[in-house]
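Single-letter residue listing:
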Amino acid sequence: MNNSKISQDTNGMGSFIDKLKREDNNLQKIFKILKITYIVLLIIYIPIFYFEIEKGGLFQVVKVVFIALGFSTFLFVFAYAQKKIKKISYAEPTLILLKKTEKRYRPFHLLDLASIPPILFLAIGLGLSEKTFLATKEFFSSDLNLSTYLVEARQFLFSGEHWFKMLAKTVNEFPMIIVFMVTGMLIFIFVISFVAGYLLWVSKYKPIRDNALELIKEIEN
Amino acid sequence: MVNKENKFNDIVTDNGKRIRRICSYYSPNHEDRKDMYQDILVNIWKSLDSFRGDASINTWIYRIAVNTSLGFTGKAFKQMQMIVDVDTENLSLLFDEGTKEKLEQEAQLNQLQIELNQMSVIDKSLMSLMLEGLSMREIADVIGITEPNVKVKIHRIKEQLKSKLSGGKHE
């Protein structure tokens, strides 16, 4: 049967086969773009890695190791997510499909946690330097208690004072400010991502999960 | 890809009418039915690679159709309507001998229509599969529950319909 017959069968819905092929290709295209991005980044980073290692010193090697580890872990998590998406099939028994749907649309997944290590590896790899290392070392060896640390982190979040210090290159007077700044920034990013992600889930995915739960209950009753 | 296309075309040729019939149970609106039909075909295409022949092709098609209809009606599944008429195949399966003739009286058929629309979405799906003439075993395979469970559910639905049509009180 050719395409025109298919169109006839689908109430003249145009080149239906083309639409189906596009559906298949859309996901593949996204994965292809990401793969190309990785290859481009690798091409850029290989000479950088080479020069960093050539410079010698423990920091350069550790930097390279963490960046490589970050990229590889991302790639692994990404490949796993792709495999899971490919496994979704409407041809499964309704109850199994509904249970899988309920799981897929839960607000939190183990896979989300799996994306934290690569982010941390990349953050360490990209941010590591003798200066940051010494500041961190000083932080851990100082007698600064947790509450003082949290007050400093909060101050960073809600005032521009530390940014100003940083910009005024007065960071040398207080090297531990780097630790506070990074912590504050990470907390800020995590809080914003968490709130945005949760709001997205409530508006977009929660109704789907609620429907699935309702149907599961009905089938199992 | 060509092989997949041929396989898909064969399935649409052999099962097009059946899929249209399932869509017609769920919506009186021509455009909605057309959308649902298209969605079912998209899902058949997507699932084609995973078809290993473990289930019969009929069960496979019905699974996709029912699952798609649940997803489709998920947008407003509580408002989903189930449409039957005197020409609906296997309508007699719902009732005892002689009831079908009574149903042909317009008032009775309208009442049946109202009662069917008040059923839950899963009960509507079970009814649609029964009206398609599937055995209890096949329905169990499609929904993913045990055969005795299907029998109990269908018996309960039939009893409710019978009671309501014979003037029993609504629950």
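This structure is a prediction, so every number in the text was calculated from the model and none was measured. (Residues numbered from 1 in each chain as written. Chains lettered and ligands numbered in written order. Predicted model: local features only at pLDDT ≥ 70, side-chain atom pairs only at ≥ 80, totals over all residues. Heavy atoms only, no water.)

Section: the overall build of chain A
When its secondary structure is counted, chain A shows 10 helices and zero strands. For chain A, the sequential pattern of α-helices and β-strands runs α-α-α-α-α-α-α-α-α-α. Split into buried and exposed, the 221 residues of chain A put 28% on the buried side. In chain A, of all internal contacts separated by at least 6 residues, the share reaching a separation of at least 24 is 70%. Accessible surface, chain A as shown: approximately 14,700 Å² in total, 69% of it carbon and sulfur. (Helix = DSSP H or I, 4+ residues; strand = E, 2+ residues; numbered from the N terminus. Buried < 20%, exposed > 50% of the residue type's maximum accessible area, 1.4 Å probe, protein only. Contact = heavy atoms within 4.5 Å. Areas by Shrake-Rupley, 256 points an atom, 1.4 Å probe, with all protein chains shown as cover.)

Focus: the packing of aromatic side chains
All names here are of chain B. Enumeration over the complete set of coordinates arrives at five aromatic pairs over all chains. Geometrically, the ring pair formed by F8 and W45 is edge-to-face, given 5.3 Å between the ring centres and 80° between the ring planes. Note that F8 is positioned in helix α1 (residues 2-26) and W45 in helix α2 (residues 30-47), a separation of 37 residues in sequence. Residue classification places W45 among the buried positions, given a relative accessible area of 0%. The aromatic ring of Y37 is capped on one face by R20, whose charged end is 4.3 Å from the ring centroid. (Phe/Tyr/Trp six-rings, centres within 6.5 Å; stacked < 30°, edge-to-face > 60°. Lys NZ or Arg CZ within 6 Å of the ring centre and 35° of its normal.)

Topic: the pattern of salt bridges
Tallied over the full model, the rule gives 13 salt bridges over all chains. Here R106 of chain A makes a salt bridge to E102 of chain A, at a shortest N to O gap of 3.2 Å. Close ionic contact of E132 of chain B with R21 of chain B constitutes a salt bridge, the shortest N to O distance being 2.7 Å. Taken together, the positions of E132 of chain B in the loop between α6 (121-131) and α7 (136-143) and R21 of chain B in helix α1 put the pair 111 residues apart, joining distant regions of the chain. Judged by relative accessible area, which is 29%, R21 of chain B ranks as partly exposed. (Salt bridge = Lys/Arg side-chain N within 4 Å of Asp/Glu carboxyl O.)

Re the side chain of T101 of chain A
Positionally, T101 of chain A belongs in helix α4 (residues 94-104). If sequence neighbours within four positions are ignored, T101 of chain A has contacts with I208 and A212 of chain A.

Considering a nonpolar patch on the surface
Residues and elements named next belong to chain A. On the surface, F108, I187, V191, F194, V195, Y198, L199 and V202 cluster together into a nonpolar patch covering about 740 Å² of accessible area. Looking at where I187 falls in the secondary structure, it is placed in helix α10 (residues 177-220). What makes I187 partly exposed here is its relative accessible area of 36%. (Patch = residues over 30% accessible without salt bridge, like charges linked within 9 Å, V, L, I, M, F, W, Y side chains within 5 Å.)

Considerations on the packing of helix α3 (residues 58-86) of chain A against helix α6 (residues 116-127) of chain A
For any two helices packed against each other, one specifies the inter-axial angle together with the distance between the axes. Residue and element names in this part refer to chain A. Where α3 meets α6, the axes come as close as 7 Å, and the angle between the chain directions of the two elements is 155°. Put simply, α3 runs roughly antiparallel to α6. Our pair here, α3 against α6, has a crossing hand that is left-handed. On α6, the residues that touch K63, F66, I67, L69, G70, F71, T73 and F74 of α3 are P118, I119, F121, L122, I124, G125 and L126. Counted by class, the contact of α3 with α6 contains 11 nonpolar, three polar and one charged residues. (Axes fitted to C-alpha atoms, helices over the stretch in contact; angles between N-to-C directions. Parallel < 35°, antiparallel > 145°, perpendicular 65-115°, else oblique. Left-handed = near helix turned anticlockwise from the far one by under 90°. Nonpolar A, V, L, I, M, F, W, Y, C, P; charged D, E, K, R; others polar.)

Let's talk about the side chain of N15 of chain B
With respect to the secondary-structure elements, N15 of chain B resides in helix α1. Sequence-distant contacts of N15 of chain B, that is, excluding residues within four places in its chain, are made with N58 and I61 of chain B.

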